[in-house]
Amino acid sequence: MSATPGNSLAKQFPRLALCVSVAAFAFGCRDAKNPPGKEQTPGAVAQSEIPPQDHSPAWFREVTDASGVQFRHFSGVGDDKPFPAANGSGVGALDYDRDGQLDLYFATGTSIPLEAAVATRTDRFYRNDGNWKFSDVTTLANLGRAGFSAGIAAADYNNDGFTDLYVTRFGSNMLYCNQGDGTFEEVSIVSGADHDGWASSAAFFDSNADGALDLYVCNYAKWDYKDHVFCGDRSKGVRLFCSPTSVEAESDVLLANHQDGTFSDQTKALGLGEQAGRGQGVIAADLNADGWIDLYVANDLNANFLFTNNGDGTYRDATELSGAGYDAKGGMQAGMGVDAEDIDGDGRPELFVTNFKAEQNTLYHNADEFAFADVSAQYGLSAASLPYVGWGTAFGDFDLDGRSDLVVTNGHVDDNRHLLGQDAPYAVRPLLWRNGGRRFEVVEHAENNYFSGQHVGRGLTCVDLDNDLDEDLVISHQDARPALLENHAASRALAVQVQLVGVLSNRDATGATLTLQTSGRSKHQQIKGGGSYLSARDLRQTFAILPGEANIQLKIRWPSREETTIEGLVPGGRFIIIEGDAPGQAPIVHKVGEKNE
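Residues numbered from 1 in each chain as written. Predicted model: local features only at pLDDT ≥ 70, side-chain atom pairs only at ≥ 80, totals over all residues. Heavy atoms only, no water.

Draft legend 1. Focus on the overall build of the protein. Along its length, the protein carries 4 helices and 42 strands. The proportion of buried residues among the 597 residues of the protein is 64%. When the accessible surface of the protein is summed, it comes to about 20,500 Å², and 49% of that surface belongs to carbon and sulfur atoms. (Helix = DSSP H or I, 4+ residues; strand = E, 2+ residues; numbered from the N terminus. Buried < 20%, exposed > 50% of the residue type's maximum accessible area, 1.4 Å probe, protein only. Areas by Shrake-Rupley, 256 points an atom, 1.4 Å probe, with all protein chains shown as cover.)

Draft legend 2. Main features of the sheet that holds strand β31 (residues 457-463). Reading across from one edge, β2-β33-β32-β31 is the order of the 4 strands in this open sheet, with antiparallel pairing throughout. Strands at the two margins of the open sheet, each flanked by one partner only, are β2 (60-62) and β31. Sheet twist, expressed as the mean angle between neighbouring strand axes with direction ignored, is 25°. For β31 and strand β32 (residues 472-477), the ladder comprises 5 bridges, and the chain directions are antiparallel. Looking at β32, one finds that Cys462 is bridged to Leu473. (Pairing = 2+ DSSP bridges. Axes fitted to C-alpha atoms, helices over the stretch in contact; angles between N-to-C directions.)

Draft legend 3. Quick look at the nonpolar core. By size, the foremost hydrophobic cluster in this structure holds 20 residues, and its most contacted members are Val498, Leu500, Leu554, Ile566, Leu569 and Ile577. Of all elements in the fold, only β34 (494-501), β35 (513-517), β38 (541-545), β39 (553-557) and β41 (574-578) reach the threshold of two or more residues within this core. Considering every element that reaches this core, the biggest residue donor is β34, with 3 residues. Excluding its chain neighbours within four sequence positions, the residues that come into contact with Leu500 are Arg507, Asp508, Ala509, Ala512, Leu514, Ile527, Ile556, Trp558 and Ile577. (Core = buried A, V, L, I, M, F, W, Y, C linked by side-chain atoms within 4.5 Å. Contact = heavy atoms within 4.5 Å.)

Draft legend 4. Structural context of the packing of aromatic side chains. Within the structure shown, the criterion is met by 24 aromatic pairs. With centroids separated by 6.1 Å and ring planes inclined at 20°, the aromatic side chains of Tyr96 and Phe184 adopt a geometry described as stacked. Of this pair, Tyr96 sits in the loop between β3 (91-94) and β4 (103-106) while Phe184 sits in strand β10 (residues 184-186), and the two are 88 residues apart along the sequence. Each member of the pair, Tyr96 as well as Phe184, carries the same accessibility label: buried. Aromatic side chains Phe106 and Tyr126 sit 6.0 Å apart centroid to centroid with 80° between the ring planes, which places their arrangement in the edge-to-face category. (Phe/Tyr/Trp six-rings, centres within 6.5 Å; stacked < 30°, edge-to-face > 60°.)

Draft legend 5. Quick look at the sheet that holds strand β5 (residues 124-130). The sheet built from 4 strands is open, its strands ordered β3-β4-β5-β6 with antiparallel pairing. Of all strands in the sheet, those bounded by a partner on one side alone are β3 and β6 (133-136). With strand direction ignored, the average angle separating the axes of adjacent strands in the sheet is 25°. For β5 and β6, the ladder comprises 4 bridges, and the chain directions are antiparallel. From the neighbouring strand, Gly130 faces β6, where its bridge partner is Lys133.

Draft legend 6. Highlighting the pairing of β39. Strand direction decides the pairing type here: β35 and β39, joined by 5 bridges, are antiparallel. Each residue of the ladder has a partner; that of Thr515, found in β39, is Lys555. Sheet topology places β39 next to strand β40 (residues 563-567); 5 bridges connect them, and they run antiparallel. Residue pairing in the sheet places Arg557 in a bridge with Glu563 of β40. The hairpin formed by β39 and β40 contains 5 residues between the paired strands, and Arg561 there has a positive phi angle of roughly 85°.

Draft legend 7. Seen up close, the pattern of salt bridges. In this structure the tally under the stated criterion is 21 salt bridges. Its salt-bridge partner being Asp538, residue Arg540 comes within 2.9 Å of it at the nearest N-O pair. Exposure class is identical for Arg540 and Asp538. Each is buried. When salt bridges with common partners are traced through the structure, they connect Asp339, Glu341, Glu471, Lys523, Lys528 and Arg537 into a single cluster. (Salt bridge = Lys/Arg side-chain N within 4 Å of Asp/Glu carboxyl O.)

Draft legend 8. Structural detail: the pairing of strand β36 (residues 522-526). Most of β36 is tucked away, with 5 of its 5 residues classed as buried. Of the two faces of β36, the one lined by Ser522, His524 and Gln526 and the one lined by Lys523 and Gln525 are each fully buried. Note: β35 against β36, 5 bridges, orientation antiparallel. Its bridge partner lying in β36, Gln517 is registered against Ser522. In textbook terms, the turn of a hairpin is the stretch between consecutive antiparallel strands, and for β35 and β36 this stretch comprises 4 residues.

Draft legend 9. Representation of unusual backbone geometry. Each neighbour pair has its own omega, and for Ile112 with Pro113 the value is 10°, a cis peptide bond. When you line up the elements, Pro113 lands in the loop between β4 and β5. In this structure, Phe370 is a non-glycine residue whose phi angle is positive, near 60°. In this structure, Phe370 sits in the loop between β25 (362-366) and β26 (372-374). Judged by relative accessible area, which is 9%, Phe370 ranks as buried.

Draft legend 10. Representation of the side chain of Asn366 within the structure. Note on placement: Asn366 falls in strand β25. Overall, the relative accessible area of 0% leaves Asn366 in the buried class. A distance of 2.9 Å separates a polar side-chain atom of Asn366 from the backbone oxygen of Pro349. (Polar contact = N/O pair within 3.5 Å; in protein donor to acceptor, adjacent residues only side chain to side chain.)

Draft legend 11. Just the side chain of Ser67, in detail. Take Ser67: it is sitting in the loop between β2 and β3. For Ser67, a relative accessible area of 1% gives the class buried. Filtering out sequence-adjacent residues up to four positions away, Ser67 remains in contact with Trp132, Lys133, Phe134 and Leu484.

Draft legend 12. Molecular detail of the environment of Lys555. Its place among the elements puts Lys555 in strand β39. Exposure remark for Lys555: the relative accessible area of 36% places this residue in the partly exposed category. Considered as a pair, Lys555 and Ile566 are 11 residues apart in the sequence and their alpha carbons are 6.3 Å apart. What Lys555 contacts, discounting residues up to four positions off in sequence, is Thr513, Leu514, Thr515, Gln517, Thr564 and Thr565.

Draft legend 13. Looking closely at the environment of Leu420. Assignment of secondary structure puts Leu420 in the loop between β28 (405-410) and β29 (431-435). Between the C-alpha atoms of Leu420 and Asp233, which are 187 residues apart in sequence, the distance is 8.1 Å.

Draft legend 14. Broad picture of the confidence of the model for the protein. Across the protein, the average pLDDT comes to 90, with 89% of residues at 70 or higher. The model gives residues 7-56 a pLDDT under 50, and that stretch makes 165 contacts with residues more than four places away or in other chains. (pLDDT = per-residue confidence, 0-100.)

Put into structure tokens, the structure is as follows:
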């Protein structure tokens, strides 16, 4: 089934047209079949063989100081080095009020033990007012509970058209249901999503293709302050964070969505949770192109988990046979952040994991049917990453040349290892790699650029904050303000950006596969669940359009298994594509900014 932009929303779905066409509305129509209304902002969005391009750096400019974002993270690090404080907190991107501008949620830690925590240390939520200006609306939105927050997942779990929030914590996790009026209701207990423990990253995804988003929650370990031990060198009075192997790993959980506002723990019933791994990052994606969502989990000094979907929402543990559980030497690494992306154009996403200092960040090539190989060195990703402890990460075509580049934020866990004579600085540079086709190359920046500075990074998200059709970055830091980084690639390249709205599928269309085809190449992307480290990214998909490219087609395989082809996408445009509401029905394609007649 194919479609072209310009299908009349008003004639086919009058209520849909009303929601899209009213430019000034704040909160939209509360209906699972209504697409979010979006404002038009000019911008720029597109592998096989790619013609030579201008390889000038994908410049990012830090704009934090003028943005109005005053949030400052608190880790809870003290002289006693409580273990959870080492791992930091993340950042989430979501459009909570459906005004077309993605907003930002920042998680923070607090003092440990929690009984001594300061109640004023809370997460903060910032509304995007446009033009790189943000307002703190935490209280207005009924968000920001006190406690030790770690990770963020953002999704429309009840398919009502408004993005909800899940916050993982050291303690009881929080689920916030978006009420559609600018506020959230905390429904953790009544929903059954209040899993208690030491959680890290989480991912919303549809495990069984029933149109409802389930929730995978990574758990790190069993730890209690009263059992806290000394690690380091007593004779020198230098205390360090203890090794991950000093704490017992805790099993992850899968919370199944019952489509009535409630979840239940179905981990064992679905074939998961037999092993505990000290989970840090999780990515939910279709790794073998069968239309079912698989799970990959980065574990800290345990084998990384690969769970393959059996085609019915149950899972098989393929870790030991896959090649993705260990590095090339068969060793377990201290996995943190994770992402999945097709970087060689074969339609199967590779896997990438950030690791500890002297371990290398690891890229696993996807050779088909869950057979992976460590190709980090061959792709130029090994040597540059060895000096650093890597955390948040993401693939993205940051310079809009048609290839997926890579970013990693780095930072050590201890700030005092120099007292033991170790070359292990706390604050270090982040790394931005440009994909040169066969290898990745570190992008060097001028001295006053964020990427040439020293930071203690943790969370990272990719999000187009100014709607100019290139991916900006937000990076969270330990005990410091975050970095908001504006990407200028769209000023010298063209792109198209699409937002999918599921109808037969889950509304976010998480799990969809998109293939942009032009006269000379194909580019495969997925709307993935989870990814990075403790963070949630923009679900809109951006594709570069290269000079001279014509016959642009976008092929979509929806989570419902419906397949459609979109023709006539105009470079520089933003599009909302609404899945047909019956099998075989063509989608509705709306170019953002056009009036509906």
